[in-house]
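# Coordinate inspection notes
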Amino acid sequence: MVRRRALLTTGLLALPLPALAQATRFPERPIEIIVGFTAGGGTDLDARSYARALEQRLGGTVVVSNRPGAGGELALGATARARPDGHTIGTTNYPGLLTIPIERQAQFKLGDFVPLANIVTDPAAITTHADSPYRRLGDVIEKARTAPGTITYASPGVGSDDHMQLVLLQQAAGIRLSHVVYQGDPGLRTALLGREVDLIGLNLGAVTAAPDKMRMLSQASATRSPFQPQVPTLKELGFPVEMGSERGLVLPAGTPPAIVARLVEATADIARDPEFIRQVEGRFSVPVYEEGAAWFARLHREEARFRQIWRDSPWKEG
């Protein structure tokens with residue numbers, strides 16, 4: 001009996017991971033995807049496209065749950081604490097996945113997660129009201145140098161890509177803006193259109209999708225986005241800043257390898273699916289696929305860089 005059980009176990013372990021995953025009954029109940037920002041933003045919409053595609057591949061129900069707050073920390077903390085059985089997936093945003101645990105005692109750390117993949121990228125941008133006196137980024141820099149702290153800049157949270165864009169720009173330009181936090185894309189948009197703030201850090205895709213009464217001054221991509229080719233990059237303007245929202249998917253650490261393999265396989269298939277790509281590009285974002293192990297290996301390398309940025313920044317909160 002012992003020898004038979006050992007043979008069965010050996011045979012099961014010899015299966016390739018996709019086959020092993022198929023041998024596991026999954027899902028057993030609805031899968032929840034936790035999003036750290038309000039409904040209607042880029043991360044939320046990407047998660048909903050992914051959820052619909054995942055339902056088609058797994059044959060179960062997938063629901064999206066929005067838990068905004070603290071720049072995505074609340075949702076990532078909830079994902080880290082979830083039962084590791086594959087029925088809770090967390091959305092991630094770079095650089096918050098790295099920077100939040102660096103700048104404060106956070107509810108999660110990178111080691112709390114198993115990666116599925118990074119699937120979308122969307123550069124950070126600096127945007128003002130269409131009727132603002134700031135016609136170009138140079139106007140902002142000039143005013144900020146003569147009157148430090150008088151220009152308000154809103155972001156979705158400390159440690160987010162939009163906030164880190166501000167931190168890096170302040171370092172590079174030798175300026176200081178006044179940082180204000182709002183929850184999610186709709187809150188940022190409302191604040192700008194209501195003249196509560198002078199500038200917002202909002203991803204290029206979100207501004208491009210609804211540009212009414214807004215003027216984009218710069219984008220923080222390596223090269224100009226095809227969706228906004230007339231908007232200069234920060235690098236072109238003389239500031240060596242690249243920053244954007246990289247959107248990925250993770251599971252709680254300890255999730256069984258068979259279930260991880262099933263979701264990795266499904267996620268890779270979704271990321272390459274023409275319909276998913278069409279939906280992402282329709283929101284003026286760039287579909288990418290970075291396999292989970294390579295993605296997390298890169299993030300582990302970049303942690304040191306962000307720790308140095310944080311140590312060197314005199315205006316971490318602004």
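Residues numbered from 1 in each chain as written. Predicted model: local features only at pLDDT ≥ 70, side-chain atom pairs only at ≥ 80, totals over all residues. Heavy atoms only, no water.

### Section: the sheet that holds strand β11 (residues 286-291)
Condition: The pairing criterion for strands is at least two bridges between them, as found by DSSP. Only runs of H or I of at least four residues qualify as helices and only runs of E of at least two qualify as strands under DSSP, and these elements are numbered from the N terminus. Axes here refer to lines fitted to C-alpha atoms; in helices the fit is confined to the stretch in contact. Angles between the N-to-C directions go from 0 to 180 degrees. Pairs of residues are marked as contacts when any of their non-hydrogen atoms sit within 4.5 Å.
The 6 strands are arranged β2-β1-β3-β10-β4-β11 in an open sheet whose pairing can be described as mixed. At either margin of the open sheet sits one strand with a lone partner, and together these are β2 (62-66) and β11. Pairs of neighbouring strands in the sheet enclose a mean axial angle of 25°, with direction left out of account. Examined bridge by bridge, strand β1 (residues 31-35) and β2 share 5 bridges and lie parallel to one another. The residue bridging E32 from the neighbouring strand is V63, located in β2. Here helix α11 (residues 274-282) sits on the sheet in contact with β4 (113-123) and β11, set at roughly 125° to β11. Its contacts with the sheet place helix α12 (residues 292-312) against β3 (88-94), β4, β10 (244-252) and β11, and it is angled at close to 75° to β4.

### Quick look at the environment of F113
Definition in use: Relative accessible area decides the class of each residue, using a 1.4 Å probe on protein chains only: under 20% of the type maximum gives buried, over 50% gives exposed, and in between gives partly exposed.
On the secondary structure map, F113 appears in strand β4. Taking relative accessible area as the criterion, F113 reaches 5% and is therefore assigned buried. Taking the C-alpha atoms as reference, F113 lies 10 Å from G77; in sequence the two are 36 residues apart. Excluding residues within four positions of it along the chain, F113 makes contact with L76, T79, A80, L97, F108, V250, L251, A253 and F296.

### Some words on helix α3 (residues 42-58)
Stated formally: Here, expected helix span is obtained from the residue count minus one, scaled by 1.5 Å.
With 17 residues, α3 should cover 24 Å at 1.5 Å per step; its first-to-last C-alpha distance of 24 Å lies within 8% of that length. Taken as a whole, α3 has its buried residues at G42, T43, D44, D46, A47, S49, Y50, A51, A53, L54 and L58. A positive phi of about 80° marks G59, the residue just after α3.

### Section: the packing of aromatic side chains
Worth spelling out the cut-off: In this scheme Phe, Tyr and Trp rings, the latter by its six-membered ring, pair at centre separations within 6.5 Å, and the angle between planes marks the pair as stacked below 30 degrees, edge-to-face above 60, and tilted otherwise. Charge-over-ring contacts are defined here by two conditions on Lys NZ or Arg CZ: a distance within 6 Å of the ring centre and an angle within 35 degrees of the ring normal.
Inspection of the entire model under this criterion finds 4 aromatic pairs. Seen from their ring centres, Y94 and F306 are 5.7 Å apart, and the 70° between their planes marks the pair as edge-to-face. Of this pair, Y94 sits in strand β3 while F306 sits in helix α12, and the two are 212 residues apart along the sequence. In this structure, Y94 and F306 share a single accessibility class: buried. Just above the ring of Y94 sits the side chain of R298; from NZ or CZ to the centre is 5.9 Å. When the ring centre of F306 is taken as origin, the NZ or CZ atom of R305, which lies over that ring, is 4.7 Å away.

### Quick look at helix α10 (residues 257-271)
End to end, α10 covers 21 Å across 15 residues, agreeing with the expected 21 Å (1.5 Å per residue, within 8%). Across the 15 residues of α10, 11 count as buried, placing the element largely inside the fold. Of the residues making up α10, those classed as buried are A258, I259, V260, A261, R262, L263, A266, T267, A268, I270 and A271.

### Let's talk about the sheet that holds strand β6 (residues 152-155)
Pairing is mixed in the open sheet, where 5 strands are placed in the order β7-β6-β8-β5-β9. Two strands in the sheet have a free side with no partner beyond their single neighbour: β7 (178-181) and β9 (214-219). In this sheet, neighbouring strand axes are inclined to one another by 30° on average, regardless of whether the strands run parallel or antiparallel. Where strand β5 (residues 125-129) lies against strand β8 (residues 199-201), 3 bridges are found, and the strand directions are antiparallel. Across the sheet, residue T128 finds its bridge partner in β8, namely L199. Set on the sheet, helix α7 (residues 161-173) makes contact with β5, β6, β7 and β8; between it and β6 the angle comes to about 145°.

### Observations concerning the pattern of salt bridges
Here is the rule: Each salt bridge in this description consists of a side-chain nitrogen of Lys or Arg and a carboxyl oxygen of Asp or Glu lying within 4 Å of one another.
Summed over the entire model, instances satisfying the criterion amount to 21 salt bridges. Between R57 and D269 there is a salt bridge, with the nearest N and O atoms lying 2.6 Å from each other. With a gap of 212 residues between them, R57 in helix α3 and D269 in helix α10 connect regions that are remote in the sequence. Residue R57 is classed as partly exposed on the basis of its relative accessible area of 22%. Its relative accessible area of 43% is what places D269 among the partly exposed residues.

### Here we look at the environment of I34
Turning to its location among the elements, I34 is positioned in strand β1. Counting along the chain gives 31 residues from I34 to S65, while the straight-line C-alpha distance between them is 4.9 Å. Beyond its immediate sequence surroundings of up to four residues, I34 is in contact with S65, R67, A75, A78, T79, T88, I89, G90 and T91.

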